[in-house]
Amino acid sequence: MNEDEQKHDEWARIVERRDRMGAKASDHLALAEGDKVVVVFLGEPWAYEAAWHDERKQWVPIRRSPMPVEPALRVRINVYIPAMGKLKWWEMDTATFQSLYACRDKYGLGNWMFEIEAVDVSEDGACGVYSILPEAKLEAVDLARIACRPLFQWGEQDDA
């Protein structure tokens, strides 16, 4: 295989992977300090070990980190935003996940809308403190409309 064919294969591999994964940057729910949004949490969370990459201003899987670092656990979950009628994905640290886990245990996630507020978020988005509070119980009509949405999928083979 010559160099041009290898480049084409890499492009095709990336397109296939993108299509399989489904998530794009515009599908990521990003909140700046003071932002509030009402969401419905959908599906199961997915976790991966990551390191903050200063040059890219984003979390990268630990296996792709340019230098040995202490890993941080990052958690992703699908969120439906009723006000926009859109499905996005949200990523959080373990402290925020613990708050979400407490909401799941106390209220259940399947029948509620929750308000997420960005309380204290760094300018580069590396870390943040978020408040998660129940907003309103979902009606049967809302549940039916949301249930048919395809969810973003992640897995070990995918680089976050």
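Whatever comes next refers back to the structure up there.
Remember, predicted model here, so these are calculated numbers, not experimental data. (Residues numbered from 1 in each chain as written. Predicted model: local features only at pLDDT ≥ 70, side-chain atom pairs only at ≥ 80, totals over all residues. Heavy atoms only, no water.)

Student: Just checking my understanding: could you explain the overall build of the protein chain for this structure?
Tutor: Regarding its fold elements, the protein chain presents three helices and six strands. Secondary structure of the protein chain in N-to-C order comes out as α-β-β-β-β-α-β-β-α. Expressed as a percentage of the 160 residues in the protein chain, the buried residues total 35%. Within the protein chain, contacts between residues separated by at least 24 positions form 63% of all contacts whose residues are at least 6 apart in sequence. About 9,900 Å² of surface is accessible on the protein chain, with carbon and sulfur atoms providing 53% of the total. (Helix = DSSP H or I, 4+ residues; strand = E, 2+ residues; numbered from the N terminus. Buried < 20%, exposed > 50% of the residue type's maximum accessible area, 1.4 Å probe, protein only. Contact = heavy atoms within 4.5 Å. Areas by Shrake-Rupley, 256 points an atom, 1.4 Å probe, with all protein chains shown as cover.)

Student: Just checking my understanding: could you explain the packing of aromatic side chains for this structure?
Tutor: Each pair of aromatic rings is reported with the distance of its centres and the angle of its planes. A full pass over the atoms with the stated rule returns seven aromatic pairs. Between phenylalanine 41 and phenylalanine 114, the ring centres sit 5.7 Å apart and the planes meet at 50 degrees, which makes this aromatic pair tilted. Pair noted here: phenylalanine 41 is in strand E1 (residues 36-53) and phenylalanine 114 is in strand E5 (residues 112-121), with a separation of 73 residues, a long-range link. Linked through ring pairs, Phe41, Trp90, Tyr107, Trp112, Phe114 and Tyr130 together constitute an aromatic cluster. (Phe/Tyr/Trp six-rings, centres within 6.5 Å; stacked < 30°, edge-to-face > 60°.)

Student: Just to check I follow, could you spell out the environment of glutamate 44 for this structure?
Tutor: Tracing the chain through its elements places glutamate 44 in strand E1. Under the relative-accessibility criterion, glutamate 44 is labelled exposed at 66%. Not counting residues within four places of it along the chain, the set of residues in contact with glutamate 44 comprises Arg76 and Ile77.

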